[in-house]
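# Close look at the chain arrangement
Here's the letter readout for the chains.
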Amino acid sequence: MNNDYIEKVITELKARGASDISVSHDTIFVSVESDKLRSLVEYIHNELDCYFRTCGGCDERPINGFFALYHIFGDDKHGLNIVVKTYASSDDPKFPTIVDIVPAADWCEMEAHDLLGFEFTGRRQYRLVLPPNWPKGLYPLRKEVPYNIRPKPSTSGEQISKPTNIAAIPIGPYHPALHEPEYFELYIEGEKVVDVKYRGFHVHRGIEKLGETRMTYQQINFLAERICGICGFVHSTCYCQAVEKAARIDVPERALFIRSIVLEVERIHSHLLWVGVAAHLLGYDTGFMHTWRIREPVMVLAELLTGSRKTYGINLIGGVRRDIDESKKKKALEFLDIVEREFKTLADTLLSIPQIKKRLKETGILPKEDARKLSVVGPVARASGLDRDVRRDLPYAAYKYVDFNVPVYDEGDNMARLLVRVDEVFESIKILRQLLDQIPKGPIIAEDITIPEERMAVSLTEAPRGENVHFVITGRGKPYRWKVRAPSYQNIPALKIMLNGVQLADAPITIASIDPCFSCTDRILVIRDNGEKYWLKLTHPRGGSSCPRSL
Amino acid sequence: MSEKSLGKKLGLFKILIIAKKAGRVTRKYPFEKPLVTDEFRGKIEIDEKECIGCGACANACPPNALKLIKGENTFILQYFIGRCIYCWRCIDVCPTNAIKGTREFELATPDLNDLYESVVHDVIKCRECSKPIMTVKAKDYIISKVSVSENYIDLDPDCRKKHFLSSIEKRFSGGIE
Amino acid sequence: MSLEYLKKSIWVFHLNTGSCNACDIEVLDVLTPYFDAERFGVKLVVSPRHADAILLTGPITYESLPKVVKAIESAPRPRIIIALGSCACGGGIWYDTYSTIGGVPELLKILKEHNIEVDGVYYVPGCPVRPESIIYAIGLFKGLVEKKVKRKVKKAGF
C-alpha cells in the first residue's frame, strides 16, 4: 500500500470539503455535507479514475438522530476503497442525486428510495424493489418496522403493455429458456431487437432486514450462503471477511487456505455449468450433457471436502469448521487430472463447430467506453478489454501466495465471454494444485472471537460472475446494517447496449452470456432508452400499463 | 491412425470418440446404491436419554426448525424436518452430545405430519409461585456441575430476586426483621 | 379426481417461485447422464398445460404469487404438486419475513380460497435436494419404494 499516495488523496479530499477522515486497512472513510457531495464525487470518479461499487442507506436515528447514505468507490490500480458518508435530517430525508455523473448509481438510489423512504432531488423516481400493491409509507428497512409484518398478498398480476406500432415479445416469467422467474419484453422490428423492458425482482426475500433482526453473527453465515445457490460460498466468505476486518480478528493461515480451495472448486463448477447451459441455448444438447457429465466429479469433490454438494456451510467467523487431511488431498488431485483432460478435449471439439463460431462471433458487442461508464465487473469486463480482477488487485484469503494469469480479450462479443470463462477453468485448476501443495499446518479457527460495536468495514471477493461487495456496521450480538451488492446487479444494465440490433434468435444467448443470477440481484429495473423515459405506472388500477413516450 | 490425427480429421465429429470413451455412467438408483460419500450431512437424531431440554440447539438453529415449546407441565423439543437446512450447528453446541448426525436423505412423504419429531420433558415448578422453570433433567445436570445451586434452583428468577433482596436487608438490619 | 390415471410416465413442469437456484440446478442435474430421470418416463415440459406434476421450489414471494396461481390453475386435472426443498416444505430460513408467503402449506390455503383444487401434494425436504431424493420421491409416487419417515413422539428418559 502506497502511504504517500493515500496522503495525497486525503489532502485533495480535505480541500473539497471532506471531514472526519480515518484510514483502516485498505479503506478511507470520509464524511461530507450534502451540498458538497456532487463535487467530491466528480473528483473521485473522473479525476482519480475510481470505479463505483455501490451505495446504501442506513437508518441511524437510534444512534445520532439522522439518516445516512454511504457511497463506496474503488481504486483497483492502487488497491483502495473510499467510503463517502452524508447525512440528512430525520423528518425530511433528502439527498442530491449523482446519477448524471455516475450512471451506474441508478438502481442503488432507487433501492434506498423504496426501502427507506429517501428522496433524491434532481431525478425521476420510481418504485423499484417492492411489489406494486405494497402499501405506501411502509418502509421495511427502517428500525421501527418489524421484520415479519405481512400485508395481505394479492393474486392479480399486471398486464402486458401493448404499444401499437411495434411488436412486443414477452419472455417469462416462466419460460422454457429460463430457470428463474424474470420478465423480459423485447421490442422488435422485423427480426432485429430495438429495445428491452425488464422487470425482475421476483426473488426479493428480505435478506438484509432479516440479518439485522432475528439472526446473530454466527447464524448469518448460513443465511448469506443461500443468497445464491450457485455462488453461495463467495457471499459467505465475503461476509465473514467484513466482520473479521471490522473486529480485527486474526484468522489462522490454514483456514485461509481451506477457504481459497473451496472457492476455486466453486468457480470450476460454476463455469462448467455455464458452458453447458450456453451449449443448450445454442441448440447443442449433446454438448450440454457431456459438460454436465464432466462436472459431476467436481460436485463429488465438493461433497468430500465440505459435507454437502451445494451450500457448503463450513464458514464461521474466525475460521472454518472442517479440515482437509491427506487422503482427501490425494483424491482431489486425481479428480482434477480427470476434469482437466476431459474438459480440454470437449472445449476443443465445441469450438471447432462452424455453426457455433458463426453465431457467437460479432453478436452482442459491448464497447470498452460503455463498459467503463457502467462499471461492469467480472468476465463481462475482461471480455471488453478492462483488466479487473479482485484476486490480483486487492488480494484476500490465500491468493497472495499463488500466481496465475488473468485472461483479457478485446472484442467484447459473445465469443470473447465464452473464451474468458474457458480459460479461467484451466487457471483455477492451476491455482488449486498450488494451494493443495502449500497448505500449512495449524488450527482451523481463531481462539478469541469478540466483536465490538460501531465499527465499519468493506470487503470484496471475486465470484465467478464478478466482484462482490459486502458492507457491515457492527452492533451488539448482530450487525446494525448489512448491505450486499452482487455482481449481476452491475452487469444487467449492460444488456440494454448489448441487445441493440441483435437478431431475435440470438437474444437468449446474449442474455445468458452475462451469466445473470437473478437471485443474487433481487431488484427490479426499468431500462431507459438514451434519455427517452418509460413511465412504468405500476400502481395503475388496471394492474399496470406502460406508455413509452417514443421508441 | 493415432487418436490425435483421427481427431484432427474428424473435427466436430470428435464428439463420437468422446462419447464412446465415456461409456455408460448412469447409476441405477433406487435399485442400486446411491453415490453418497461418508462426509454427507443428512438428518439428525435426538437421543432422548441424553437430552436435558436446555434449548441451546433451539437458540443456535438458523431457521428455527428446533423449537422448545414451553407448556404448563411439560417442555417439548420439536424438530421439524421440513424446515431443517442440515447445517449441523445444533450438534456443535449441544452440551451433552445428545444429537447425532446421520446420512439419511430419503425423506419424501405425502403427509406433512410425518415430518415432526418431538421429545417430551417433565418440568420442576417454583416452590413459591408454581411457575415452570426448567426440566427435571436440566436441574440434575446443573446440580452435578455446581453443587451449591441445590439451594436456590427451585426458585424462578423473580422469586430468587425477592429472596436475595430480603436477605441483604436482613444483613444490614442486623438480623432483625 | 383419482390419481390412477398417473401411474405410468409423469410429465413435470419446473416452477421456480423465488428460490436461490440450488434446488433448480439439481433438478437439471437429474436429467444428466449420472442420474437420468428419463428411465422412469419423466420429462421436463415447456408449458404447465402439458404437465401432470408441478415441481415447485422456493418460498413463494409476494411478487411471484399471482403468476404461480395462474400457472397452477392452467395445469389440467388430475394434478399434483411436488414441493422440493426446505423453502417449499416449510418456508425455509426465511419463513416469516415481510416478503414471502411461507411455503406450500400456506399456498394451499390461498388456493382453497380461489377454489383451485390440487389432487395430491408430496414434500421432499433437503437443502439443497439431492438428485437421488427427487428420484426417490418419484419412485414413492409410482409405488417402487416404501416410505421411511414417520411421526415420532419420545419421552425423555434416563
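Everything numeric in this text was worked out from a predicted model, so none of it was measured.

### Concerning the overall build of chain B
- The secondary structure content of chain B amounts to six helices and six strands.
- In sequence order, the secondary structure elements of chain B are arranged as α-α-β-α-β-β-α-β-β-β-α-α.
- Over its C-alpha trace chain B gives a radius of gyration of 29 Å, far above what one expects of a compact globule, namely 16 Å for 177 residues.
- When each of the 177 residues of chain B is scored for burial, the buried share is 41%.
- Considering only residue pairs separated by 6 or more positions, chain B has 61% of its internal contacts joining residues 24 or more positions apart.
- Surface summary for chain B: the accessible area is close to 10300 Å², and the carbon and sulfur share equals 53%.

### Structural notes on the overall build of chain A
- Scanning chain A from N- to C-terminus turns up 19 helices and 17 strands.
- The C-alpha radius of gyration of chain A comes to 23 Å, within 12% of the 24 Å expected for a compact globule of 551 residues.
- Buried positions account for 64% of the 551 residues belonging to chain A.
- Restricting to contacts in chain A with at least 6 residues of sequence separation, those with at least 24 account for 66%.

### Side note on the interface of chain A and chain C
- Counting from both sides, the interface comprises 57 residues of chain A and, opposite them, 47 residues of chain C.
- Summed over both sides, the interface between chain A and chain C buries roughly 4500 Å², with carbon and sulfur atoms accounting for 63% of that surface.
- Among the residues chain A hides against chain C, the three largest losses belong to A:Arg150, A:Tyr174 and A:Arg205. Together they make up 17% of the total.
- Here chain A and chain C share five salt bridges between them.
- The closest approach of N and O atoms between C:Asp96 and A:Arg214, which form a salt bridge, is 3.4 Å.
- The tally of links between chain A and chain C comes to 17 residue pairs in polar contact (both at pLDDT 80 or more).
- Mapped onto the side of chain A that touches chain C, the elements with two or more residues apiece are helix 5 (207–213), helix 6 (220–225), helix 8 (253–281) and helix 9 (285–306) of chain A.
- Ranked by the residues each element gives to the side of chain A that touches chain C, the list is headed by helix 9 of chain A, at six residues.
- For the side of chain A that touches chain C, the class distribution of residues is 28 nonpolar, 14 polar and 15 charged.

### Quick word on unusual backbone geometry
- That bond from B:Tyr29 to B:Pro30 is cis: its omega, 5 degrees, falls within 30 degrees of zero.
- Topologically, B:Pro30 is positioned in the loop between helix 2 (14–22) and strand 1 (44–46).
- Note that the residue after C:Cys127, namely C:Pro128, is joined by a cis bond; omega there is -5 degrees.
- Among the secondary structure elements, C:Pro128 is positioned in the loop between strand 5 (120–124) and helix 5 (131–142).
- Although it is not a glycine, B:Asn97 sits at a positive phi angle of roughly 55 degrees.
- Structurally, the position occupied by B:Asn97 is in the loop between helix 4 (89–93) and strand 4 (99–101).
- B:Asn97 gets classed as exposed once you look at its relative accessible area, which sits at 53%.
- Although it is not a glycine, B:Ser130 adopts a positive phi angle of roughly 60 degrees.

### Quick notes on the interface of chain B and chain A
- Facing 25 residues of chain B, the contacting portion of chain A comprises 29 residues.
- Carbon and sulfur atoms supply 55% of the area that chain B and chain A bury against each other, a total of about 2100 Å² over both sides.
- In this structure, the connection of chain B to chain A is made through three salt bridges.
- Note that A:Lys328 and B:Glu39 form a salt bridge whose closest N and O atoms lie 3.6 Å from each other.
- In this structure, the connection of chain B to chain A is made through 12 residue pairs in polar contact (both at pLDDT 80 or more).
- Those elements giving two or more residues to the side of chain B that touches chain A turn out to be helix 2, helix 3 (56–60) and helix 4 of chain B.
- By residue number, the principal contributor to the side of chain B that touches chain A is helix 2 of chain B, which donates five residues.

### Some details on the packing of aromatic side chains
- Scanning all chains against the criterion turns up 19 aromatic pairs over all chains.
- With a centroid separation of 5.8 Å and an interplanar angle of 65 degrees, the aromatic rings of A:Trp134 and C:Tyr98 are classed as edge-to-face. Pair noted here: A:Trp134 is in the loop between strand 7 (119–121) and strand 8 (167–171) and C:Tyr98 is in the loop between helix 3 (85–90) and helix 4 (104–113), and the two residues belong to different chains.
- Its relative accessible area of 5% is what places A:Trp134 among the buried residues.
- Each ring, one from B:Phe40 and one from B:Phe105, has its centre 6.0 Å from the other, and the planes form 85 degrees; the classification is edge-to-face. In this pair, B:Phe40 is assigned in the loop between helix 2 and strand 1 and B:Phe105 in the loop between strand 4 and strand 5 (116–125), connecting sequence segments 65 residues apart.
- Owing to a relative accessible area of 10%, B:Phe105 belongs among the buried residues under this scheme.
- Put simply, the rings of A:Phe67, A:Phe95, A:Phe118 and A:Phe120 touch in pairs and so form one group of aromatic residues.

### A word on the confidence of the model for chain A
Residues and elements named next belong to chain A.
- For chain A, mean pLDDT is 84; residues scoring 70 or higher make up 92% of the total.
- Averaged pLDDT values over the elements of chain A bottom out at 29 in strand 17 (residues 545–548) and peak at 94 in strand 12 (residues 319–320).
- Confidence over residues 523–551 falls short of pLDDT 50; this stretch has 65 contacts with residues more than four positions distant or in other chains.

### Notes on the sheet that holds strand 14 (residues 466–473) of chain A
Residues and elements named next belong to chain A.
- As summarised here, the arrangement of the three strands in space is 13-14-15, forming an open sheet in which the pairing is antiparallel. Across the chains shown, the open sheet's two edge strands, defined by having one partner strand only, are strand 13 (456–463) and strand 15 (481–485). Strand-to-strand twist in this sheet, taken as the mean axis angle between neighbours without regard to direction, amounts to 15 degrees.
- Where strand 14 lies against strand 15, five bridges are found, and the strand directions are antiparallel. Considered in strand 15, the bridge of His-470 is made with Val-484.

### With respect to the sheet that holds strand 1 (residues 11–16) of chain C
All names here are of chain C.
- Sheet architecture is open: five strands sit in the order 2-1-3-4-5, paired in parallel fashion. Lying at the two open borders of the sheet, with one neighbouring strand each, are strand 2 (43–44) and strand 5.
- Bridge count between strand 1 and strand 3 (residues 53–57): five bridges; the pairing is parallel. Its bridge partner lying in strand 3, Val-12 is registered against Ala-53.

### Some remarks on the pairing of strand 3 (residues 51–60) of chain A
All names here are of chain A.
- Of all 10 residues that make up strand 3, 10 are buried, and the element is covered over most of its length.
- Alignment of strand 3 against strand 4 (residues 66–75), held across nine bridges, turns out to be antiparallel. Considered in strand 4, the bridge of Phe-52 is made with Phe-73.

### Points about the pattern of salt bridges
- Per the counting criterion, the structure on display carries 65 salt bridges over all chains.
- Residue A:Arg321 pairs with B:Asp92 through a salt bridge whose shortest N-O separation is 3.2 Å. On the criterion of chain membership, the pair formed by A:Arg321 in the loop between strand 12 and helix 10 (326–351) and B:Asp92 in helix 4 is interchain, its members lying in two chains.
- Residue class for B:Asp92 comes out partly exposed when judged on its relative accessible area of 42%.
- Ionic pairing is found between A:Arg476 and A:Glu453, a salt bridge with its closest N-O pair at 3.5 Å. You can see A:Arg476 sitting in the loop between strand 14 and strand 15 and its partner A:Glu453 sitting in the loop between helix 15 (414–438) and strand 13, a full 23 residues away along the chain.

Parameters at a glance
Each chain has its residues counted from 1, running along the sequence as written. Chain labels run from A onward and ligand labels from 1 onward, assigned in the order the entries are written. Only residues with pLDDT of 70 or above have their local features reported here, since the model is predicted, and side-chain atom pairs are shown and tallied only from 80 upward, although totals for entire chains, interfaces and linings are computed over all residues. Heavy atoms from the whole structure form the basis of all side-chain values; hydrogens and water molecules are not counted. Runs of H or I in DSSP of at least four residues are treated as helices and runs of E of at least two as strands, each being numbered from the N terminus. Note on method: radius of gyration uses C-alpha positions; expected globular size equals 2.2 Å times residues raised to 0.38. Burial classification: accessible surface area is computed with a 1.4 Å probe over protein chains only, and a residue below 20% of its type maximum counts as buried, one above 50% as exposed, and the rest as partly exposed. The contact rule is simple, with two residues in contact once any of their heavy atoms fall within 4.5 Å. The accessible surface values rely on the Shrake-Rupley method and a 1.4 Å probe; as for residues, cover is taken only from the protein chains in view. Here's the idea: put two parts together, see how much 1.4 Å probe accessible area each one loses, and the total over both is what we call buried area. Take a side-chain nitrogen of Lys or Arg and a carboxyl oxygen of Asp or Glu: if they are within 4 Å of each other, that pair is a salt bridge. For the purposes of these results, a polar contact is taken to be a pair of N or O atoms within 3.5 Å, where, inside protein, one atom must be able to donate a hydrogen and its partner to accept one; residues adjacent in sequence count only when each atom of the pair is a side-chain atom. Asp, Glu, Lys and Arg are counted as charged, while Ala, Val, Leu, Ile, Met, Phe, Trp, Tyr, Cys and Pro are counted as nonpolar; the rest, among them Gly, fall into the polar class. Pairing of aromatic side chains requires ring centres within 6.5 Å, counting the rings of Phe and Tyr and the six-membered ring of Trp. Pairs whose planes differ by under 30 degrees are stacked, by over 60 edge-to-face, and all others tilted. What pLDDT expresses is the predictor's confidence in each residue, scored from 0 to 100. DSSP calls a pair of strands paired once it identifies at least 2 bridges connecting them. Only the stretch in contact is used when a helix axis is fitted, and all axes are lines through C-alpha atoms; the angle between N-to-C directions ranges over 0 to 180 degrees.

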